[in-house]
Amino acid sequence: MERTRRYAYELPHLDALEAESAHIFREVAATFERPVLLFSGGKDSVVMLHLAAKAFWPAPLPFPVMHIDTGHNFDEVIEFRDRTVAQLGLRLVVGSVQDDIDAGRSVEETGPRASRNRLQTNTLLRSIREHRFDAIFGGARRDEEKARAKERVFSFRDEYGQWDPRNQRPELWNLYNGRHRPGEHIRVFPLSNWTELDIWHYIAAERIELPPLYYAHRRSVVQRDGMLLAHTRFLELLDGEQPYDTTVRFRTVGDATCTGCVESTAATPDEVVAEVAATRVTERGATRADDRISEAGMEDRKREGYF
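Novice: Requested: an account of the sheet that holds strand β6 (residues 185-188), with residues and values cited.
Specialist: Taken together, the six strands give an open sheet; going across it, the order is β3-β2-β1-β4-β6-β5, and neighbouring strands pair in mixed fashion. In the strand order of this sheet, the two ends are held by β3 (92-96) and β5 (154-157), each with one partner. With strand direction ignored, the average angle separating the axes of adjacent strands in the sheet is 30°. Of the strand pairs in this sheet, strand β1 (residues 35-38) and strand β2 (residues 65-69) are connected by two bridges, and their pairing is parallel.

Quick look at the structure:
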């Protein structure tokens, strides 16, 4: 008797990641009352927004987007953020670090190495409280940094916005626990299992538009602490620093005072894919000065409420 053949059905890698992310978005929409998606205009948040739009198509996005604005952003990113929000008809909530500084809720650092990046935590937690958001989508990925690798997909935060990496909920068989009390909330990471290379393969396959600084362009930069920082109006030069022009691109985007760029000639998504495939340093490790404050710098900030 001929043996019965069994055929395994497997989705291609990117399709499987997309399906997982869509499931996470739909699970949150069905479980929580007031979710919000963090949208900065950076590549991960752009991909996250693209996935959310596909997950609920043809219906509109069932939640707003929020940007925690340090006031020291790259002009190209803010322009892209506003244009995208207008094109998709989204409701944008902006949490302003400058507002918290003006109100005395945050104290701005001074000096040539000053950054508003850490001040985002107060503004984020205030915005969550004011709008009573109970689930916050973030674009963090486990491959970016060791503290982010500890996160669950549904990551519980207490009434103070704090995270305890030693007390997390199990997620066996992709079952997510969103239970929380008033004042508590859940951080949700639909891109947890994606890598930087996956993100760029997806950008290329889906033809997703990004801010132009993700591709090679000429820019005035400053060499500092082994990184290239963009010479913007927000960067105070140290003694002896001399800006110069070179061809660079950004692997990640954040506060302009602490986000570095890399020398590159990659001007298309496919060229970036080839470049990323050959690198051995994560984008945060290579270009984020705020992650170099200590060995546990990111984890310390995440415990306080940082994303």
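Read on, since the account is not over.
Novice: Run through the pattern of salt bridges, naming residues and quoting values.
Specialist: Evaluation of the coordinates by the stated rule reveals 21 salt bridges. Between E79 and R83 there is a salt bridge; the shortest N-O distance is 3.0 Å. On the criterion of helical spacing, the pair formed by E79 and R83 is a turn pair, its members being four residues apart in helix α3 (residues 75-88). Owing to a relative accessible area of 42%, E79 belongs among the partly exposed residues under this scheme. Under the relative-accessibility criterion, R83 is labelled partly exposed at 27%. Between R113 and D225 there is a salt bridge, with the nearest N and O atoms lying 2.6 Å from each other. Here R113, found in the loop between α4 (97-102) and α5 (120-131), pairs with D225, found in the loop between β7 (217-224) and β8 (227-230); they are 112 residues apart in sequence, far enough to count as distant. Its relative accessible area of 54% is what places D225 among the exposed residues. The network of salt bridges with common partners includes K43, D44, R141 and D143.

Novice: I'd like a description of the packing of aromatic side chains, backed by residues and values.
Specialist: Applying the stated criterion across every chain yields a total of ten aromatic pairs. Each ring, one from F32 and one from F154, has its centre 5.9 Å from the other, and the planes form 55°; the classification is tilted. Remark: F154 occurs in strand β5 and F32 occurs in the loop between α1 (13-31) and β1; sequence separation between them is 122 residues. A residue is classified by how much of its surface remains accessible, and F154, at 4% relative accessible area, is buried. Consider the rings of W200 and Y214, whose centres lie 6.2 Å apart with planes at 65°: the pair is edge-to-face. Taken together, the residues span a long stretch of sequence, with W200 in helix α6 (residues 196-206) and Y214 in the loop between α6 and β7 at a distance of 14 residues. Taking the relative accessible area as the measure of exposure, Y214 reaches 1% and is therefore buried. The structure contains a cluster of three or more aromatic residues connected by ring pairs, namely F25, F56, F63 and F137.

Novice: Explain the packing of α1 against α6 residue by residue, including any values.
Specialist: In the contact formed by α1 and α6, the axes pass within 11 Å of each other and the chain directions differ by 95°. Classified by the interaxial angle, the pair formed by α1 and α6 is roughly perpendicular. When α1 is examined against α6, the residues H13, L14, L17 and E18 are found in contact with a partner set consisting of D198, H201, Y202 and E206. Split into classes, the residues belonging to the contact of α1 with α6 amount to three nonpolar, two polar and three charged.

Novice: Describe helix α7 (residues 269-278), naming the residues involved and giving the relevant values.
Specialist: Since one α-helical turn is 3.6 residues long, residues separated by three or four positions face the same way. Here α7 has its buried residues at V272, V273 and V276. One face of α7 carries all of its buried residues, which in axial projection span an arc of 105°. Residues D270, A274 and A278 are exposed on α7 and point more than 90 degrees away from its buried face.

Novice: How would you summarise unusual backbone geometry if you had to cite specific residues and measurements?
Specialist: Here the residue pair W57 and P58 is connected by a cis peptide bond, since its omega of 5° sits within 30 degrees of zero. Relative to the elements of secondary structure, P58 occurs in the loop between α2 (43-56) and β2. The residue R207 is not glycine, and still its phi comes out positive at about 55°. Positionally, R207 belongs in the loop between α6 and β7. Here R207 falls in the exposed class, since its relative accessible area comes to 78%. With a phi angle near 55°, D225 is a residue other than glycine that sits in the positive phi range.

Definitions and cut-offs
- Residues numbered from 1 in each chain as written.
- Predicted model: local features only at pLDDT ≥ 70, side-chain atom pairs only at ≥ 80, totals over all residues.
- Heavy atoms only, no water.
- Pairing = 2+ DSSP bridges.
- Helix = DSSP H or I, 4+ residues; strand = E, 2+ residues; numbered from the N terminus.
- Axes fitted to C-alpha atoms, helices over the stretch in contact; angles between N-to-C directions.
- Salt bridge = Lys/Arg side-chain N within 4 Å of Asp/Glu carboxyl O.
- Buried < 20%, exposed > 50% of the residue type's maximum accessible area, 1.4 Å probe, protein only.
- Phe/Tyr/Trp six-rings, centres within 6.5 Å; stacked < 30°, edge-to-face > 60°.
- Parallel < 35°, antiparallel > 145°, perpendicular 65-115°, else oblique.
- Contact = heavy atoms within 4.5 Å.
- Nonpolar A, V, L, I, M, F, W, Y, C, P; charged D, E, K, R; others polar.
- Arc of directions from axis to C-beta.

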